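Structure assessment
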Amino acid sequence: MNYTVGLFIPCYIDQFFPEVGKATLELLEKNGCKVIYPEEQTCCGQPMANTGMEEVGKKIYQSMGELFKGCDYIVGPSPSCVYHITKHYDVVEQTPEIKHLRAHTYDLVEFLYDILHIEKLEVSFPYRVGLHKGCHGLRGMQLDNPSELMKDIPSKWGHVLGLVKDIQMTELTRTDECCGFGGTFAVAEEAVSTKMGRDRIADHVNNNVEVITSGDMSCLMHLKGIIDRQKSNLKVMHIANILNGDHI
Amino acid sequence: MSIHAKKASDFISNEERTNWHDGALWHVRNKRDISASKIPEWELLRSTASQIKENVLSNLDNYLIQFEEEAKKNGVHVHWAANDDEHNSIVSAILNKHNAKKVVKSKSMLTEECGLNHFLEDQGIEIIDTDLGERIIQLRDEPPSHIVLPAIHIKKEEVGELFHAKLGTEKGNADPTYLTRAARTHLNHKFFEADAAITGVNFAIAETGGIVICTNEGNADMGCHSAPVHIHCMGLEKLLPKAEHLGVFIRLLARSATGQPSTIYTSHYHKPESGKEMHIVIVDNGRSEQLGKEDFRNSLKCIRCGACMNTCPIYRRSGGHSYHATIPGPIGAILQPNRNLQEYSDLPFASTLCGSCSDVCPVKINIHEQLYKWRQEIYKHNELPKSKIIPLKVTTNILASSTMYNIMGKLARTSLKLLPDFLLYNKLNTWGKNRELPAPPKESFKEWYKKNKHE
């Protein structure tokens, strides 16, 4: 199937991690999608809404609906932002554009798994990799089985990473604890936020991880900030870059 | 800085202690996981419990009336309290009627909420908490830091010192068995000389008028069996329609709380022994108001297992006292704002909205979604600090305009490159206190796309 996919690049990825956007674009194109990138896009409005200012932030929501109205699917490399659109855009008028947006916006990995049913990747990543399961993707979208739930939800992250050659996935002691980023929480509750981050990093280090990967660059930005302060050799890399065959 | 953030920061400043606290609670969470994993129908049990409570909340008036009628038929005195003051007055009147001067009390978060201990102490009544953890914090004159494990923040060495000072145990002896025996001896005296016993209530059964109390120490039973009067204080949401529903809740409660299949004692009280008096005080204290708030009503399903605290990555690292509230942790953060939005407006922000609390909750309260909704309420009620509002309003205006966004983005990236570290890592830059900022790329994705993909 040749889908027309609207590329949704969250604001912080656009500004600070363009390589994640490029990898997402390339992956979609490699897998037969016609990708369009509406250049007027800015942000999904999550930072405001999570701080309680949904009323202020929601003026962005309708424009998101307009921007992506012609696309079969809307795909972005961030479960957190995708979750915000699908879950929290219920507070504006449910125009056909908004309905379409909410029903057809996918996280990149979710799209590769659910829609493209990807079974093969011609890439190699010869490192010991620890998967950081970002909370919105994990518990909000169930891209994996949350450790609290006595269910058997397949791991979409695990599936796509399993297609990468030479990768060594590493088990963690706490498989899915939050990293402590949490948007404005990272600053408002700086002490708890950075303590949570240090603890996550220690878990990866103690299990001999070389590269932490995640679907959410925001978690990785926070973790990398701490790793750099610790002057550690641990690396972080967005899952899109690994799946696209990018090098560290 | 918010009260929670300040108290959390103080707690974390002793990182070794934080690690110990986090580890102790994570251990309890693990025990819960192991226990839950042994029940193939665990998720069905949770849904069933949630639906039973949904029915209770939707028919609460009828169940309350039915419960009162049945309890009265059993010879129980039933009292209604609209708020904490009424609750305390009712309890105090019962005690005065019996000239009770010495009272033993088993664990009850409701009496904590109503401030019963201090109220009675001010009237010259001795009130002794008989749950070991509660007795420890009572001797330290501090509030519980957890609803199931009230003294989880205290190390055994500190208990040794406390008991040495208050109960005369050997100096320096922190052996848990030794200290528990000392507490038992001390409490046994209190049980035998008690004029009245007070307990909380885990479940109240509309069909039978009976109540159920779950403890591990049997202290509720010790109190009720030894004293001539027993008073049971319950929030009005504690009801279950029928006794058969207990089968669902008893299986969930202790497994969720500590990983035990059930508490050591699950005691059913229906009527007083001959010659004794049994009272039940049903308390509203803001609950019916919460029931009227559609987005928040199902917080009243809570059975006080504490699982959301054990799993919460913030609670484990900030300590229960950082919530400055009777009920701490995620459930406290959605219950307390109903009591006083201004006083507790920081609590819904003491979360990353990770959602683990909702996933462990045995009655499936959507805790993290309610935290999000409380944040919106707090902004609407002007309880959000200006330090949050102004930057986000500015940001929204930038984000609402693609042109502004592009200009500001470029400026931010350029300034990150140009500004020396000492300007970025000053006191105003909270991000940089323990973290580096991301290295700014030479161009944004959008700029790259324009150059490379525009045909």
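Residues numbered from 1 in each chain as written. Chains lettered and ligands numbered in written order. Predicted model: local features only at pLDDT ≥ 70, side-chain atom pairs only at ≥ 80, totals over all residues.

1. A word on the sheet that holds strand β4 (residues 105–107) of chain A
Residue and element names in this part refer to chain A. Strands sit in the order β2-β1-β3-β4 across an open sheet of four strands; the sheet is parallel. The open sheet has two edge strands, β2 (34–36) and β4, and neither has a second partner. For this sheet, the mean angle separating the axes of adjacent strands, direction not counted, is 35°. As judged from the three bridges shared by strand β1 (residues 4–7) and strand β3 (residues 73–76), these two strands associate in the parallel manner. Bridge pairing in β3 links L7 to V75. Lying on the sheet, helix α6 (residues 79–88) is in contact with β3 and β4; it crosses β4 at an angle near 155°. (Pairing = 2+ DSSP bridges. Helix = DSSP H or I, 4+ residues; strand = E, 2+ residues; numbered from the N terminus. Axes fitted to C-alpha atoms, helices over the stretch in contact; angles between N-to-C directions. Contact = placed C-beta atoms within 7 Å.)

2. Section: the interface of chain A and chain B
Counting residues at the interface gives 59 residues for chain A and 58 residues for chain B. Elements with a minimum of two residues in the side of chain A that touches chain B: α1 (11–16), α2 (18–30), α3 (46–50), α4 (54–57), α9 (135–140), α11 (185–188), α12 (190–206) and α13 (217–230) of chain A. Top element by residues in the side of chain A that touches chain B is α13(A). It accounts for seven residues. The class makeup of the residues in the side of chain A that touches chain B is 27 nonpolar, 15 polar and 17 charged. (Nonpolar A, V, L, I, M, F, W, Y, C, P; charged D, E, K, R; others polar.)

3. Looking at the UniProt feature "domain: Cysteine-rich" (unreviewed entry) in chain A
All names here are of chain A. As recorded in UniProt, the feature "domain: Cysteine-rich" (unreviewed entry) lies at residues 5–85 and 129–224. Taken end to end, residues 5–85 comprises 52% helix and 12% strand; its first and last C-alpha atoms sit 16 Å apart. Spanning residues 129–224, this segment combines 44% helix with 10% strand, and its end C-alpha atoms are found 15 Å apart. (UniProt positions renumbered as here; feature names shortened; annotations may be inferred.)

4. Some points on helix α16 (residues 329–339) of chain B
Two residues of an α-helix separated by three or four positions point the same way, owing to the 3.6 residues in each turn. Residues and elements named next belong to chain B. Most of α16 is tucked away: nine of the eleven residues are buried. When we look at burial in α16, the residues that qualify are G329, P330, I331, G332, A333, I334, L335, Q336 and P337. Tucked into the core, α16 has its buried residues touching α14 (307–311), α15 (315–318), α17 (356–360) and α18 (367–380). (Buried ≥ 20, exposed ≤ 12 C-beta atoms within 10 Å, placed from the backbone.)

5. So, the domain arrangement of chain B
Along its sequence, chain B is carved into domain 1 (1–38 + 303–384), domain 2 (42–285) and domain 3 (386–453). Computed over C-alpha atoms only, the centres of domain 1 of chain B and domain 3 of chain B are separated by 31 Å. (Domains from an automatic or database assignment.)

6. Looking at unusual backbone geometry
Residue and element names in this part refer to chain B. The phi dihedral of N285 is positive, around 45°, even though this residue is not glycine. Position of N285 among the secondary structure elements: in the loop between β10 (277–283) and α13 (287–291). Its identity is not glycine, yet H324 carries a phi of approximately 35°, on the positive side. Its place among the elements puts H324 in the loop between α15 and α16. Residue classification places H324 among the partly exposed positions, given that 18 C-beta atoms sit within 10 Å.

7. Quick look at the pairing of strand β4 (residues 196–199) of chain B
Residue and element names in this part refer to chain B. Every second residue of β4 is oriented toward a common face, with A196 and I198 on one face and A197 and T199 on the other, all of them buried. Two elements, strand β2 (residues 102–105) and β4, share three bridges in a ladder whose sense is parallel. In the strand pairing of β4, K105 is matched with I198. Here β4 runs beside strand β7 (residues 229–235); their pairing, made up of three bridges, is parallel.

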